[in-house]
Structures are given as structure tokens and as C-alpha cells.
Amino acid sequence: MEGFKINLYKLIGEKIKTKRSSLKMSQSNLAKELSVSRSTISNIEVGRHQIPIYLLYKVSNILKIEVNELLPQYEDIVASSSLESNLEDYLKNRNLSSKDRVVIEEQFNKL
């Protein structure tokens, strides 16, 4: 279930970043509107921070969208979790250098 939680917040962060970027809004501008640091926005967008519900509503208001547009579908979270699990299994069974592993993980994260 931990993978599900991690992927939930990654997908929310991606949706925030996509919408913010489409509005040509910088992380700094969004951070200022929310009274948080730019690094907080960065961490939310990559899924390192779990965005609190109240902040999610504030973000949706600033981005002029409904909050549900920032929430991924259950199936998308499960699919993302499954892919990540499969990658982890694949990498465990290979004799890769740490550099090769990083390259593969970076490419996977771009999907």
C-alpha cells in the first residue's frame, strides 16, 4: 500500500505542475500565493511532500480549476504502482552498475 500512497502524491504533483505550467505561472509565484516556500511547491510537484487537503483546495482556487481535477483516478494510481513494482523486480534481478540503474530509473520516471 505504500507504493499506492507514494504514487498518489506523485500524480497529484504532476497535475499541479502541468496546470501551473500551462498558466505560465512559476513555482515562486504559486508559492507566494500560498504563503509557502518555492521548495515546498517543488517537493509537492515531485511527490516528496504530501499536500494537505486545505492547501490542495487553495491550489485549485489559484489555478482556477476544481479540486477533483487535481486528483488522479484510482486506476491510474494502481497502474502507476504496478509499473513501479515491476521495475523494482526487474532491477533486482539484473547485475547493473549503480550508474546504469540510475539511468534506467530516470527514463522510467519520464514515462
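Reading guide: rules and limits
- Residues numbered from 1 in each chain as written.
- Predicted model: local features only at pLDDT ≥ 70, side-chain atom pairs only at ≥ 80, totals over all residues.
- Heavy atoms only, no water.
- Helix = DSSP H or I, 4+ residues; strand = E, 2+ residues; numbered from the N terminus.
- Buried < 20%, exposed > 50% of the residue type's maximum accessible area, 1.4 Å probe, protein only.
- Areas by Shrake-Rupley, 256 points an atom, 1.4 Å probe, with all protein chains shown as cover.
- Phe/Tyr/Trp six-rings, centres within 6.5 Å; stacked < 30°, edge-to-face > 60°.
- Contact = heavy atoms within 4.5 Å.
- Axes fitted to C-alpha atoms, helices over the stretch in contact; angles between N-to-C directions.
- Parallel < 35°, antiparallel > 145°, perpendicular 65-115°, else oblique.
- Nonpolar A, V, L, I, M, F, W, Y, C, P; charged D, E, K, R; others polar.
- Polar contact = N/O pair within 3.5 Å; in protein donor to acceptor, adjacent residues only side chain to side chain.
- Arc of directions from axis to C-beta.

Novice: Would you explain the overall build of the protein in this entry?
Specialist: In terms of regular secondary structure, the protein is built from six helices and zero strands. For the protein, the N- to C-terminal ordering of α and β elements is α-α-α-α-α-α. For the protein, buried positions account for 32% of its 111 residues. Of the roughly 7600 Å² of accessible surface on the protein, a fraction of 51% belongs to carbon and sulfur atoms.

Novice: What am I meant to see in the packing of aromatic side chains here?
Specialist: The relative placement of two aromatic rings is captured by the distance of their centres and the angle of their planes. Counting across every chain of the model gives one aromatic pair. Between F4 and Y74, the ring centres sit 5.5 Å apart and the planes meet at 45°, which makes this aromatic pair tilted. Placement of F4 in helix α1 (residues 2-22) and of Y74 in helix α5 (residues 74-92) is noted, with a sequence separation of 70 residues between them. Of the residues examined, F4 reaches a relative accessible area of 19% and is grouped as buried.

Novice: How do you make sense of the side chain of S42 when you look at a structure like this?
Specialist: Tracing the backbone through its elements, the reader meets S42 in helix α3 (residues 38-45). Setting aside residues up to four positions removed in sequence, S42 forms contacts with Q27 and R48.

Novice: Looking at this structure, how should I read the packing of helix α2 (residues 27-34) against α3?
Specialist: Two quantities define a packed helix pair, namely the angle between the axes and the distance from one axis to the other. Where α2 meets α3, the closest approach of the two axes is 8 Å, and the angle between their N-to-C directions is 110°. When the axis of α2 is compared with that of α3, the two are roughly perpendicular. For the pair α2 and α3, the contacting residues are Q27, S28, L30, A31 and L34 in the first and R38, I41, S42 and E45 in the second. Classifying every residue of the contact of α2 with α3 by side-chain character gives four nonpolar, three polar and two charged.

Novice: Explanation requested: the environment of E45 in the structure shown.
Specialist: Following the sequence through the fold, E45 ends up in helix α3. Separated by 30 residues in the primary sequence, E45 and K15 place their C-alpha atoms 8.0 Å from one another. Those residues within four positions of E45 in sequence are excluded, and the remaining contacts are K10, G13, E14, I16, K17, R20 and Q27. Within the structure, E45 has its side chain in polar contact with the side chain of R20 (distance 2.6 Å). Within the local environment of E45, its side chain forms a polar contact with the side chain of Q27, the two groups lying 2.8 Å apart.

Novice: Teacher, can you tell me more about unusual backbone geometry here?
Specialist: Most peptide bonds take the trans configuration, and most residues that are not glycine carry a negative phi. Positive phi, normally seen in glycine, also occurs at K24, with a value near 60°. Mapped onto the secondary structure, K24 falls in the loop between α1 and α2. Given a relative accessible area of 76%, K24 falls into the exposed group. Of note, S35 is a non-glycine position whose phi angle comes to about 60°, a positive value. Within the secondary structure, S35 sits in the loop between α2 and α3.

Novice: Where do I start with α2 in this structure?
Specialist: Residues lying three or four places apart along an α-helix face the same way, a consequence of the helix completing one turn every 3.6 residues. Buried residues of α2: Q27, L30, A31 and L34, and no others. Take α2 and look down its axis: the buried residues cluster within an arc of 100°, on one side only. Exposed side chains of α2 directed beyond 90 degrees from the buried face belong to K32 and E33. Remark: S35 follows α2 within two positions and exhibits a positive phi of approximately 60°.

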